[in-house]
Structures are given as structure tokens and as C-alpha cells.
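Examination of the molecular architecture
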Amino acid sequence: MTAADPPFGPGAALACALACAAYLSGALRLRRRGDAWPWPRDCAVAAGAAVLAWGLSGPLPGGPFTGHALRHVCVGMAGPALLVLARPLTLALRLLPPGGVRRGLLRAAHSPPAAWLLLPPVAAVLDVGGLWALYRTGLTAAAHHRPWLDGALHLHLAAAGLLFSSAICQLDPVRRRRSTALRATTLLVAGTAHAVLAKTLYATGPPGTAFTAADLRVGAQVMYYGGDAVEVALALVLAVGWYRAAGRRLRRAGAPVPGRRLPAGQARRAAPEVG
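To keep things clear, this report deals only with the structure shown in the data block.

Scanning the protein from N- to C-terminus turns up 12 helices and zero strands. Written out in order from the N terminus, the α and β elements of the protein read α-α-α-α-α-α-α-α-α-α-α-α. Each principal axis of the C-alpha distribution contributes one length, and for the protein these read about 75 × 50 × 35 Å. Burial statistics for the protein: of 275 residues in total, 42% are counted as buried. Accessible area of the protein: about 14,500 Å², with a carbon and sulfur share of 68%.

So, in C-alpha cells, the structure goes:
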């Protein structure tokens, strides 16, 4: 087994396809009963499932470390971010009828352990801290010889990526919504830590490995720029959420929302008197 080999077989791709089909079927049920569900969320879940399937079971281009870096970006960053944008928990809660299953799902989402895991700094440590442990200890070399460990590490990447994206975006119902300042600061610090890790890998490979210098440089660049792209996307989601929340606060206060035209009568009342 090489570092570029897929950690899972076709079963992982099938599981991603079935999960995507279940989501799209649920979204279709909502629309048929007259509820609104934005189409971009369908596109997000389809793209996320495809990226995860490719990262977990598909062949990737480049050398061994380049392929490993591509898997890291797909499984631990891009795929989870796209799935979070689809708001799967919100869809499930809207589909489930009132009863024990729905209450249990909502209770789990609002439980103290979930609130603790979704605290942005905790999610960042589990995600980016796990990457530092993977690439700056002997874990990468050990996974090279133990397929079960390689599979477990990739599952951790996916779970930690989902947790981090959920903690930053906070699109689904959670027990306590954290401030925009905390989430933005966490994203900035985590992005910096990820960029520094990629730069160290550009110079020195993971302990116990023997990747070529050219392969290391390309893989490190994939991690650096791929991570930047996903982090910019998360920042945009954060900014849009802040803008909408600010608009709602202004509307409740009766103040005009920047960039939004007021009706003629309201505009006259809001205009300052001259002279």
C-alpha cells in the first residue's frame, strides 16, 4: 500500500451516493408538500458527497504525498464544508413528524457534549491539532504499513472537518450560537496553523517517510492553497451570516438596512429635516 492508495474501496463511494440520494429524496418530499427548500443546498450536498467519495475511494493524480495531500483537502476540508452548507440536520428536523425520533435528534443536537464539541476552539484543536499530530509524528509512516490505521485516520479527518465547519458556520440548529467574533478568530488562527503546517511539509516530510523533494513540494502546495480556498469559503459564509443577522437587528429596531431601498413614505419619514 502506498500513501496515495485510496483508504476505502467502492463501498465508500456507494455509501456517499446513498446518503446523497436520501438527502435529495427528503428535499423533494419537502417541496412536494409545499415547503421551501433552496436548490443550492441540493447542489452543495451532491458536490460534497462526490468530493468525499473521490477522496475516500478514487484514484488521485500526482506522487504518493501529493495524492495524500489531495485526499486530505477532499476528505478533511472541502467535502465536509460542502455538506455543512447543505444543512442536513435542518432537513431531517423538518421532515420528521413530531414524536420520539425527532425529539431524540433535537435533544442530541442540543446536548452538553454536542455544545462542547461545537465550541469553535475545541473543534479547531480536534481538526488542525489532529493534522499536526498526523504529519509531525510517526502516524503517517505507521499508516503506510497498516491499512486499518490509514482508514481510521481518514475517518477522523472527515469527522473533524465536519465538526470544524459546523462550529464555524453554525447553520444547523445548535444549543448555543457562538459570537461571530469568536468564530472568525478561531477560523483565522486555525487557518494560520494549517498554513504553517503546509510550509513545514514543504521543507521536511513526515517523520519516518521517504517522499521525494519534488513530491513533498507539490503536496505541500496542494495543502496550502487548497486549505486557503476552503477557509475563504468558510469566511464568506460567516460574513453573510453576520450581515443577515445585522439586518434583522436593524429591522427590529426600525432602522434602515444598508443597501435596501425604503418605501417612499418611510423614506420621507427617515429623511432628516433641513433648515
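Read on, since the account is not over.
Let's shift gears to the packing of helix α10 (residues 180–203) against helix α11 (residues 213–253). Closest axis-to-axis distance for the α10/α11 pair is 8 Å, and the angle between their directions is 175°. One way to sum up the angle between α10 and α11 is to call them roughly antiparallel. The segment α10 lies against α11, with Thr180, Arg183, Ala184, Leu187, Gly191, His194, Ala195, Leu197, Ala198, Lys199, Leu201 and Tyr202 engaging Leu216, Arg217, Ala220, Gln221, Met223, Tyr224, Gly227, Glu231, Leu234, Ala235, Leu238 and Trp242.

Turning our eyes to something else, we now look at the side chain of Thr90. With respect to the helices and strands, the residue Thr90 is situated in helix α4 (residues 88–95). Those residues in contact with Thr90 that sit more than four places away from it in its chain are Trp37, Leu171, Asp172 and Pro173.

Take the pattern of salt bridges next. Counted by the stated rule, this structure contains two salt bridges. Among the salt bridges present, the one from Asp42 reaches Arg31, with a minimum N-O distance of 2.9 Å. Here Asp42, found in helix α2 (residues 39–57), pairs with Arg31, found in helix α1 (residues 10–32); they are 11 residues apart in sequence, far enough to count as distant. Salt-bridge contacts for Asp35 lead to Arg33; the nearest nitrogen and oxygen are separated by 2.6 Å. Residue classification places Asp35 among the partly exposed residues on the basis of a relative accessible area of 26%.

This part covers α1. Compared with the 33 Å implied by 1.5 Å per residue over 23 residues, the 33 Å span of α1 between its first and last C-alpha is a close match. Taken together, the buried positions of α1 are Ala12, Cys16, Cys20, Tyr23, Gly26, Ala27 and Leu30. Packing partners of the buried residues in α1 comprise α2 and α4. Gly34 sits one or two positions beyond α1 and adopts a positive phi of about 95°.

Turning to the environment of Leu236, a few remarks are in order. Relative to the helices and strands, Leu236 is located in helix α11. For Leu236, a relative accessible area of 54% gives the class exposed. The spacing of Leu236 and Ser179 is 57 residues in sequence and 16 Å in space, taken between C-alpha atoms.

Phe65, Tyr135, Leu201 and Met223 are the most contacted members of the largest nonpolar core, which totals 36 residues. Residue contacts for Met223: discarding those within four places in its chain leaves Phe65, Ala69, His72, Val73, Tyr135, His194, Leu197, Ala198 and Leu201.

Before going further, it helps to examine the packing of aromatic side chains. Evaluated as defined, the whole model comprises four aromatic pairs. Plain terms: the ring middles of Tyr224 and Tyr225 are 5.1 Å apart, the flat faces sit at 80° to each other, and that makes the pair edge-to-face. Classification of Tyr225 as exposed rests on a relative accessible area of 56%. Ring pairing ties together the aromatic residues Phe65, Tyr135 and Phe211, which thus form one cluster. One Lys or Arg, Arg31, reaches over the ring of Trp39 and ends 3.7 Å from the middle of that ring. One cation-aromatic arrangement involves Arg41 over Trp37; the distance from NZ or CZ to the ring centre is 4.5 Å.

Rules of the game
Residues numbered from 1 in each chain as written. Predicted model: local features only at pLDDT ≥ 70, side-chain atom pairs only at ≥ 80, totals over all residues. Heavy atoms only, no water. Helix = DSSP H or I, 4+ residues; strand = E, 2+ residues; numbered from the N terminus. Buried < 20%, exposed > 50% of the residue type's maximum accessible area, 1.4 Å probe, protein only. Areas by Shrake-Rupley, 256 points an atom, 1.4 Å probe, with all protein chains shown as cover. Axes fitted to C-alpha atoms, helices over the stretch in contact; angles between N-to-C directions. Parallel < 35°, antiparallel > 145°, perpendicular 65-115°, else oblique. Contact = heavy atoms within 4.5 Å. Salt bridge = Lys/Arg side-chain N within 4 Å of Asp/Glu carboxyl O. Expected span 1.5 Å × (residues − 1). Core = buried A, V, L, I, M, F, W, Y, C linked by side-chain atoms within 4.5 Å. Phe/Tyr/Trp six-rings, centres within 6.5 Å; stacked < 30°, edge-to-face > 60°. Lys NZ or Arg CZ within 6 Å of the ring centre and 35° of its normal.

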